[in-house]
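# Observations on chain architecture
Listed below, chain by chain, are the residues.
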Amino acid sequence: MIELKNLTKTFRVPAGELVALRDINLTVNDGEIFGIIGLSGAGKSTLVRCINLLERPDCGEVLIDGKNLLTMKEKELLETRRSIGMIFQGFCLLEQRTVIGNICFPLEIAGVKKQEAKARAEELLSLVGLTEKAKAYPSQLSGGQKQRVAIARALATRPKYLLCDEATSALDPTTTNSILALLQEINRTLGVTIVVITHEMDVIDRICHRVAVIDKSEIQEIGEVSDVFTSPKSEIAKELILPSVKAVGQIKGGKKLRLVFDGESAFLPVVSDLVLDCRVPVNILAAETKEIDGKAFGQILLGLPDDDRMCARAEAWLQTNRITYFEEA
Amino acid sequence: MMISEITKQLWDNGILQLGVWETIYMTLLSTLFAYIIGLPLGVLLHVTSPGGIKPVKWLNAILGFIVNIFRSIPFIILMVAMLPVAKFTVGTSMGNKAMIVMLVIAAAPYVARMVESSLKEVPEGTVEAAQAMGTPTFTLITKVLIPESKPSLITGAVISMVTILGYSAMAGTIGGTGLGQIAVSWGYQRSHSDVIWICVLLTIVIVQIIQEIGTRIARATDKRIKQ
Ligand SMILES: Nc1ncnc2c1ncn2[C@@H]1O[C@H](COP(=O)(O)OP(=O)(O)OP(=O)(O)O)[C@@H](O)[C@H]1O
Ligand SMILES: [Mg+2]
């Protein structure tokens, strides 16, 4: 378990002091994929770097499995860091070492015998699907391949935790998907607890179980991804999650209803049934539909005709079918 | 230009050949010792700098100050000033042994700055990734900083070597041997300009060879270059 308690971090800058993190409290449970989302400069990187003390917070506590990193001696801290893997946006591989040499690096540091390290590295290479690139140098790899090597390297010492700081931000959508799938597989098969930093809602959506939304150096909202998705409370969360829906809300016309799907029902039958049963023509103004953990979540914004009786009919139908909806102003 | 009798004699008596050999030998040996001192010094300068992997403000300030002082004294003055040091360390202030001591004193601070700037080229992220893996400071230096900047360090060594070769020629004016000394005593003092030009030519050839070999080694070791 990773626990951050009352974490505050201030940077000294020429203009004075810059508060990068203010009173951060959060817990990452074992076995989950925890997302941290926020806009650029929100403090995401600083937050994740505080977890392995690449950045030392001014005050607060960083507890890994109940042990406070901030009070540890140097040696103990180095040991603890070996149980926390980390990958970066820029991959950060050793350019003068081969792929296999890169993966062996953390094992060398941990004092693993050469032969043993090589065997372990080969095992990891096959896990990330790069066996044939063992002797290549990073300069000969694509971005996606580099990130796979970085993941293999981060997992070499069998860490319990894996921190990912914008691990897919430098990659194209297809490569991003394959890396996210790999992270998910690592979480499921190896039981590694993963902390994912991103500014893309899609990344959270695809693989995270819980999410913290950070803005202006503070955590604004924290919860199950499905909850935050269906009913974002903070302004920033709404902005990040429902950008398109929000924009459409401004269209003038008849009554607008926001249908909320919480994983109980599918999307399409609801809308078509509503239309067929009530004989009410509807306009789909916006739809944000997601699949999370195999269940359907999302929202559909329906524009109803400017007709009171038709609206009443539609609302009655939604109520009897137990579909959650809100009337939009 | 006419090749005078004296040049022919210098060649036939093997004086020029010996000069070439002595120049090379002094340069190589001085570079070696300059690196034995300058490499750790450069590493220390980099590591203790603000934002380095182990910032130590006072140590960095002191080292930086000393290096700057030595670097700002013109070589010829530094050499004369350091004659007593040569006498103290190798027992004489004359001859090649003493010259090597002075070359090393003059070149080590230069080498330190060279090394420091090479290490600076290693991306911060690479070092941080290693830190995140729990790499101790010393291992960070030996397994990350130095190997990752190896091509740049080699390039730096070539530049340093050429500089030291230049210094060694100057050492010829105050009791060293080699091409510099031949150019001064046979060419300048006895007014045989062709001797000077022969020495210049030989020096250029040596520099070119050092440069060529060095660049090749640097390129061959750099794994960032796509084959
Ligand atoms: N070493 C530093 N020195 C001074 N200020 C810093 C330092 N690191 C971060 N900051 C500042 O702290 C704030 C938060 O930075 P951080 O890198 O955590 O943001 P981020 O959410 O990761 O942004 P991005 O999505 O762009 O990576 C920013 O205003 C940044 O300028
Ligand atoms: Mg960041």
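Here the structure is shown first, and the text comes after it.
Below you will find a few notes about this structure. (Residues numbered from 1 in each chain as written. Chains lettered and ligands numbered in written order. Predicted model: local features only at pLDDT ≥ 70, side-chain atom pairs only at ≥ 80, totals over all residues. Heavy atoms only, no water.)

## Re the packing of aromatic side chains
Two measures describe an aromatic ring pair: the distance that separates the ring centres and the angle between the ring planes. All names here are of chain B. We apply this condition: Here the aromatic set is Phe, Tyr and Trp, taking the six-membered ring for Trp, and pairing holds for ring centres within 6.5 Å; pairs whose planes are under 30 degrees apart are stacked, those over 60 apart are edge-to-face, and all others are tilted. The way it works is that DSSP assigns letters per residue, a run of H or I at least four long becomes a helix, a run of E at least two long becomes a strand, and they are numbered from the N terminus. For every residue, the accessible area (1.4 Å probe, protein chains only) is compared with the maximum for its type, and the residue is labelled buried under 20%, exposed over 50%, or partly exposed between those bounds. Consider the ring centre and the ring normal. A charge sits over the ring if Lys NZ or Arg CZ is within 6 Å of that centre and within 35 degrees of that normal.
With the rule as written, the count across this model stands at two aromatic pairs over all chains. With a centroid separation of 5.9 Å and an interplanar angle of 35°, the aromatic rings of Trp-21 and Tyr-25 are classed as tilted. Pair noted here: Trp-21 and Tyr-25 are both in helix α2 (residues 15-47), with a separation of four residues, about one helical turn. Relative accessible area serves as the criterion here: at 53%, Trp-21 is assigned to the exposed category. Relative to Tyr-167, the ring of Phe-75 lies with its centre 4.1 Å away and its plane at 5°, an arrangement referred to as stacked. Highlighted residues: Phe-75 in helix α4 (residues 75-81) and Tyr-167 in helix α9 (residues 150-171), separated in sequence by 92 residues. For the pair shown, Phe-75 and Tyr-167 are each scored as buried. Cation over ring: Arg-190 sits above Trp-186, and NZ or CZ is 4.1 Å from the ring centre.

## Let's talk about the environment of Arg224(B)
As for its placement among the helices and strands, Arg224(B) is situated in the segment after α11 (193-221). With 73 residues separating them along the chain, Arg224(B) and Pro151(B) place their C-alpha atoms 9.6 Å apart.

## Things to note about helix α3 (residues 99-109) of chain A
Operational definition: Contacts: residue pairs with any heavy atoms within 4.5 Å of one another.
Where burial is concerned, most of α3(A) is hidden: ten out of the eleven residues are buried. Within α3(A), burial applies to Val99(A), Ile100(A), Gly101(A), Asn102(A), Ile103(A), Cys104(A), Phe105(A), Pro106(A), Leu107(A) and Ile109(A). The inward-facing, buried residues of α3(A) contact α4 (114-127) and α5 (143-155) of chain A together with α7 (124-132) and α8 (137-148) of chain B. Of the residues one or two after α3(A), Gly111(A) is the one with positive phi, at around 80°.

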